[in-house]
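Residue-level structural notes
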Amino acid sequence: MCGIMGYIGSGNAQDILLKGLETLSYRGYDSAGIAIQQEGALHVVKTRGQIDDLRKKCAASQLSGTLGIGHTRWATHGEANDLNAHPHTDGRGRIAIVHNGIIENHLQLRNMLTERGYTFVSDTDTECAAHLLHFLYDGDLLRSLLLTARYLTGSYAIAAVCADDPSALYCIRSGSPLVLGTCSGEAFLSSDIPALLPYTRDVTVPEDGETAVLRRTGIQIYNAKGRPRKSTSFHVSWDVQSAEKGDYPHYMLKEIHQQPQVLASPPVTSHKTLNSPQQALLLGCGTAYHACLLGAYYIERLSGIPAHPEIASEYASRIAFPYKNCACIAVSQSGETADTLSAAHTAVNRGANLIALTNTLGSSLSRMASAALVTPAGPELAVASTKAYTSQALALLHLARSWGAQLGKEEDPLFEEHLQHLPAWANEALKTEKLLKAYIDPRADKPLFFFIGRGADAVTAKEAALKFKEITYIPSEAYPAGELKHGAIALIHPGMPVIAVCTQPQWVHKTLINLSECRARGAECVCFCLPHMEKEAREAADFVFTLPDMPPLLAPIISIIPLQLLAYYAACKRGLNVDKPRNLAKSVTVE
Ligand code: M6R
């Protein structure tokens, strides 16, 4: 979703902002713009389209100012066009702002401001904040920002510059991501850490309701009452290269290939011991929800604690859940997903103890939790989540295991050794890449794919179908294998690919019977299975892909890897934008 970037220093603000916006473009956007403070005036350049379109427009204006703000917009209110692109200015062009989030009461504010003579030129919710800021401006932009915030409901990270003030860049946040950083004589703000990495790895995060003033001499944060507070920063362990594609054609392929390395490390936890609860609630969206499904399986299997996975956006309606001694594990790669944040708040209000599992140190979710687990996946920039998923699954397995140990559950004596072997199994799974490409290339125009499995394999099937939908745009269904004949089997038609995941010995026989039922109706059947299941699988499937010889308990962490590759190569074959699929945003910061 929208990305914001701000700069003050001695360098060319336009170049620095464009570079930052390029880095933030993974979030998904359809227009972009910048505002530069130069010689007592604000110069706004914005356009529908890509950063390159903006770059071309900027080249014509040759701006040399050293203070400015920039934005990538993912349209919510009003179509993607030049007028709706940010920055937005007050009517006189003296204040410019960029905004990430949603101003929920924008219609009331628009009416109030229109009555007071303000003219709106865009359809956006953001423009009312620009006019309101001007309406409340008394020569002190910091004070006006704080006042403006009192009238705004919704979520926002706003950065502002003023034509009259060449010495400062202002920002405020509530519920939307914002990170700040400095390095000798320069200060930066951004929606996400990767855009700061070329300049600094020490990052500061303002709390909700806080404002900050960025100057060439440093950053001052003010609390919600406007009082200055000492800021603390944290060190980011990734470097610039980890946020770049390197030799890979796409981030997604790089991130799929990083999984052996990611699976070599356990998550970092902010608290040493997470005491075993009486029950666990797991909240997440999309791929993170699938990690919750696997997590619930691991928690029940390894600790015996009842575990309930919930789609975060649906959670509010689960009112009768018992919350006494309940751990709520909120899972989110970004730690900024609005649905997950909102569900986590609800769970805390209902009495649950919040554990955040994120891939982003300092994210909103990790800061609101009483304990934070950080996955060691490094920046994930492809919209389709891959390495974050496997590292979330592993982190949840570690948590389940530690709760099991606290409750005196016996563990397989080889378990530790098996965990050490995960990276090698991930590498082995990656070696099927050529075979997978050869299988999918001639099938990338099929109109429908089915993925089936039972138990933990049904989770893998769901995640595989989501990857297919997201990046290939091919309708893809995931079904628990046993559920097929209760309705969805009506969709099976000759030549349709049905892909079964079989790694759980207790279910393999039944799943293969279900696969045979599809084959009998003309489907082209594929099976991903463990080596000792291969013979039986060949009887039910037209194609068999053998997974590494690994324990069934760990198989769901590895078996998704070839299916990620399958989706990736299908999307490439279809000539699609793998890293930035249509309509999607990496970080979904609105509910
Ligand atoms: O940042 P989060 O993990 O909270 O994001 C949740 C979902 O939006 C995300 O997993 C989404 O489903 C991915 N695009 C899936 O590949």
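Residues numbered from 1 in each chain as written. Predicted model: local features only at pLDDT ≥ 70, side-chain atom pairs only at ≥ 80, totals over all residues. Heavy atoms only, no water.

Before going further, it helps to examine empty space enclosed by the protein. Where empty space is left becomes clear once a probe the size of a water molecule has been rolled over the atoms. With the rule as written, the count across this model stands at five cavities of 30 Å³ or more. What lines the largest cavity is a set of 28 residues, and nearest its centre among them are Ser191, Asp192, Ile193, Ser334 and Thr360. For the lining of the largest cavity, the per-class residue count stands at twelve nonpolar, nine polar and seven charged. Viewed by domain, the lining of the largest cavity spans two of them, domain 1 (3-242) and domain 2 (247-411), each represented by three or more residues. As for the second largest cavity, its lining consists of Cys2, Arg73, Trp74, Thr76, His86, His99, Gly101, Asp125 and Thr126. Across the lining of the second largest cavity, the residue classes break down as two nonpolar, five polar and two charged. (1 Å grid on protein atoms, 1.4 Å probe; cavity = no way out; pocket = protein on both sides within 12 Å on 5 of 7 lines; lining within 4 Å. Points joined across faces, edges and corners; volume = space filled by probe spheres on them. Nonpolar A, V, L, I, M, F, W, Y, C, P; charged D, E, K, R; others polar. Domains from an automatic or database assignment.)

Estimated volume of the largest pocket: approximately 670 Å³. If you trace the largest pocket, you find 29 residues lining it, with Cys285, Gly286, Thr287, Ala288 and Leu466 closest to the centre. Put simply, the parts of the chain that give the lining of the largest pocket at least two residues each are helix 8 (286-303), strand 19 (326-332), helix 9 (338-349), helix 14 (456-472) and strand 23 (476-480). Both domains that furnish three or more residues to the lining of the largest pocket are identified here as domain 2 (247-411) and domain 3 (430-583). In this structure, the second largest pocket encloses a volume near 420 Å³. Those elements giving two or more residues to the lining of the second largest pocket turn out to be strand 7 (154-162), helix 9 and helix 10 (364-368). No other element matches the four residues that helix 9 contributes to the lining of the second largest pocket. Looking at side-chain class alone, the lining of the second largest pocket contains five nonpolar, seven polar and six charged residues. In terms of domain composition, the lining of the second largest pocket takes at least three residues from each of domain 1 (3-242) and domain 2 (247-411). (Helix = DSSP H or I, 4+ residues; strand = E, 2+ residues; numbered from the N terminus.)

This part is about the pairing of strand 8 (residues 169-174). Buried residues dominate strand 8, accounting for six of its six residues. Neither face of strand 8 is open: one carries Leu169, Cys171 and Arg173, the other Tyr170, Ile172 and Ser174, and all of them are buried. When strand 7 meets strand 8, the two strands line up antiparallel, connected through four bridges. Bridge pairing in strand 8 links Ala160 to Tyr170. Hairpin connection between strand 7 and strand 8: a loop of six residues separates the two successive antiparallel strands. For strand 8 and strand 12 (residues 211-215), the ladder comprises four bridges, and the chain directions are antiparallel. Directly across from Leu169, in strand 12, lies its bridge partner Leu214. (Buried < 20%, exposed > 50% of the residue type's maximum accessible area, 1.4 Å probe, protein only. Pairing = 2+ DSSP bridges.)

What is shown is where atoms sit, not what they do.
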